[in-house]
Number of protein chains: 2
Amino acid sequence: MDEVLADPIKKFIHLYNRDYDVPLDLQIEPGNEIYQHIPEHINNKWFDYINEKGFFRDLELIEGSVEAVKKLQEKYEVYIVSAAMEFPNSLEDKYHWLAEHFPFISWKNIMFCGEKIVNTDIMIDDRAKNFIDFKGRTLLFTSPHNLLLTDYERVNNWQEVLDKLM
Amino acid sequence: MDEVLADPIKKFIHLYNRDYDVPLDLQIEPGNEIYQHIPEHINNKWFDYINEKGFFRDLELIEGSVEAVKKLQEKYEVYIVSAAMEFPNSLEDKYHWLAEHFPFISWKNIMFCGEKIVNTDIMIDDRAKNFIDFKGRTLLFTSPHNLLLTDYERVNNWQEVLDKLM
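Thresholds, definitions, all that
- Residues numbered from 1 in each chain as written.
- Chains lettered and ligands numbered in written order.
- Predicted model: local features only at pLDDT ≥ 70, side-chain atom pairs only at ≥ 80, totals over all residues.
- Heavy atoms only, no water.
- Least-squares fit on C-alpha atoms with pLDDT ≥ 70 in both.
- Contact = heavy atoms within 4.5 Å.
- Phe/Tyr/Trp six-rings, centres within 6.5 Å; stacked < 30°, edge-to-face > 60°.
- Buried < 20%, exposed > 50% of the residue type's maximum accessible area, 1.4 Å probe, protein only.
- Helix = DSSP H or I, 4+ residues; strand = E, 2+ residues; numbered from the N terminus.
- Axes fitted to C-alpha atoms, helices over the stretch in contact; angles between N-to-C directions.
- Parallel < 35°, antiparallel > 145°, perpendicular 65-115°, else oblique.
- Left-handed = near helix turned anticlockwise from the far one by under 90°.
- Nonpolar A, V, L, I, M, F, W, Y, C, P; charged D, E, K, R; others polar.
- Pairing = 2+ DSSP bridges.
- Arc of directions from axis to C-beta.
- Polar contact = N/O pair within 3.5 Å; in protein donor to acceptor, adjacent residues only side chain to side chain.
- UniProt positions renumbered as here; feature names shortened; annotations may be inferred.
- Buried area = accessible area lost by both parts, 1.4 Å probe.
- Salt bridge = Lys/Arg side-chain N within 4 Å of Asp/Glu carboxyl O.

**Remarks on the relation of the copies chain B and chain A**
Right, on to step 1. Superposing chain B onto chain A takes a rotation of 180 degrees plus a shift of 0.0 Å along the axis, which leaves an RMSD of 0.0 Å. Expressed as a symmetry operation, the mapping of one chain copy onto the other fits a two-fold axis.
Right, on to step 2. Most of the interface of chain B is mirrored in chain A, where 100% of its interface residues again form contacts.

**Here we look at the packing of aromatic side chains**
The relative placement of two aromatic rings is captured by the distance of their centres and the angle of their planes.
Right, on to step 1. The full count for this structure, using the stated rule, is 24 aromatic pairs over all chains.
Right, on to step 2. Measuring from ring centre to ring centre gives 4.9 Å for Phe55 of chain A and Phe56 of chain A, while their planes differ by 75 degrees; the resulting arrangement is edge-to-face. Phe56 of chain A carries the same exposure label as Phe55 of chain A, and that label is buried.
Right, on to step 3. For the ring pair Phe131 of chain B and Tyr152 of chain B, a centre distance of 5.7 Å and an interplane angle of 50 degrees mean the geometry is tilted. Placement of the pair is Phe131 of chain B in the loop between β5 (122-125) and β6 (137-141) and Tyr152 of chain B in the loop between β6 and β7 (154-155), with a sequence separation of 21 residues.

**Re unusual backbone geometry**
Residues and elements named next belong to chain B.
Right, on to step 1. Located in the positive-phi region is Asp21, a residue other than glycine, with phi close to 60 degrees.
Right, on to step 2. For Asp21, the position within the fold is in the loop between α1 (8-20) and α2 (45-51).
Right, on to step 3. One non-glycine residue, Asp133, lies in the positive phi region at around 70 degrees.
Right, on to step 4. Looking at the element boundaries, Asp133 is found in the loop between β5 and β6.

**Describing the packing of helix α3 (residues 65-72) of chain A against helix α5 (residues 158-165) of chain A**
All names here are of chain A.
Right, on to step 1. Running from amino to carboxyl end, α3 crosses α5 at an angle of 15 degrees, the nearest separation of the two axes being 9 Å. One finds that α3 runs roughly parallel with respect to α5. Note on packing geometry: the crossing formed by α3 with α5 is left-handed. Judged by residue contacts, Ser65, Ala68, Val69, Lys71 and Leu72 of α3 engage Trp158, Val161, Leu162 and Leu165 from α5.
Right, on to step 2. For the contact of α3 with α5, the residue count by class is seven nonpolar, one polar and one charged.

**Re the sheet that holds strand β3 (residues 80-82) of chain A**
Right, on to step 1. Read from one edge to the other, the open sheet built from four strands follows the order β3(A)-β4(A)-β4(B)-β3(B), with strand pairing classed as mixed. Of all strands in the sheet, those bounded by a partner on one side alone are β3 of chain A together with β3 (80-82) of chain B. Averaged over all neighbouring strand pairs, the angle between strand axes comes to 15 degrees, with direction disregarded.
Right, on to step 2. Here strand β4 (residues 110-113) of chain A pairs with strand β4 (residues 110-113) of chain B via three bridges, running antiparallel.

**Some remarks on α5 of chain A**
Residue and element names in this part refer to chain A.
Right, on to step 1. Three or more residues of α5 are buried, namely Trp158, Val161, Leu162 and Leu165. Down the axis of α5, the buried side of the element spans an arc of 95 degrees, and every buried residue falls inside it.
Right, on to step 2. Buried positions along α5 lie against α3, β5 (122-125), β6 (137-141) and β7 (154-155).
Right, on to step 3. Where α5 begins, the capping side chain belongs to Asn157, and its oxygen is found 3.1 Å from the backbone nitrogen of Gln159.

**Side note on the UniProt feature "active site" (unreviewed entry) in chain A**
All names here are of chain A.
Right, on to step 1. Residues given the UniProt feature "active site" (unreviewed entry) here are Asp2.
Right, on to step 2. For Asp2, a relative accessible area of 22% corresponds to the partly exposed category.
Right, on to step 3. Once residues lying within four places of it in the same chain are set aside, the contact partners of Asp2 are Pro8, Phe56, Leu59, Lys94 and Asp126.

**Considerations on the interface of chain B and chain A**
How big an interface is tends to be expressed through the accessible area that disappears when the partners come together.
Right, on to step 1. The interface of chain B with chain A comprises 24 residues on the first partner and 24 residues on the second.
Right, on to step 2. Taken together, the two surfaces of chain B and chain A that pack against each other cover about 2500 Å², and 63% of this comes from carbon and sulfur.
Right, on to step 3. Area buried by chain B at its contact with chain A is led by Met85, Trp107 and Ile117 of chain B, which between them contribute 26% of it.
Right, on to step 4. Counting across the chain B and chain A interface gives two salt bridges.
Right, on to step 5. With a closest N to O distance of 2.3 Å, Glu92 of chain A and Lys53 of chain B form a salt bridge.
Right, on to step 6. Our count for the contact surface shared by chain B and chain A stands at eleven residue pairs in polar contact (both at pLDDT 80 or more).
Right, on to step 7. When residues of the side of chain B that touches chain A are traced back to their parent elements, those giving at least two are α4 (90-101) and β4 of chain B.
Right, on to step 8. At four residues, the largest contribution of residues to the side of chain B that touches chain A is made by β4 of chain B.
Right, on to step 9. A breakdown of the residues in the side of chain B that touches chain A according to their chemical character gives twelve nonpolar, five polar and seven charged.

Below, the structure is given as structure tokens:
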């Protein structure tokens, strides 16, 4: 979900700007996580934000995600698999966010987990660690933190996903 | 989780008894679900109960489950995979219930889903429908509703799980 369907980075930037006057146009350097760009004395606040109820409820969509997932459903059984379990306060928010933006995805096809031990043919993910032990085809969805990785088939946006899979 | 680690049936019986004076020693006939034993005018109330916040928070343990899972961890990577997504109000309750009773299970090894599309070697489950498309070894954990099924390797309790797997 995060950085593939939903945009937590934009929300972080908004909250840092609101609370600490960190500039809204923060650019994340290739290979870096957002917290590496925040002044040291507040760079662990992202963890507080992410644990707050409501953080995941109103995230903006990643461009084209709704239309692309709908399109993929014409040819594939699509599952949403989110590593949500580390942040238990996110569980309900993520469920309701999906119900709002992806109402065409059944609860049967939603999974909140820790490790993504799923048995599917294809996985689209921004975190290469989720590809370990996965047997199918992997598509690395571009996000600043993974820009330096070169060992994976990469998709830069949802149009490229559709170009490859449809 | 349900009917394997946790006991929702006992809770149903308690609630029906409290609210409608349905006797506490309700016996479920082999092959039946609990709602088939409730007077017709209230036999859809179990759905209301299950959707209430808190229902899953204080379920009793299935006998021997904590000790058995702890023992299994000596030899296996154990994941808890629960079809919780149909009841979104259960998500947080289930998380906190697991944290209370199974604190030795990491969040990385917990999965709340609809369909159980997991890639593991063994699945222990009371619902045979979860074995469809599963490639590994299946152990059907005995519950009243599955007592008539004969096509599966069956375990009647956690001691039998340990006898087979340890």
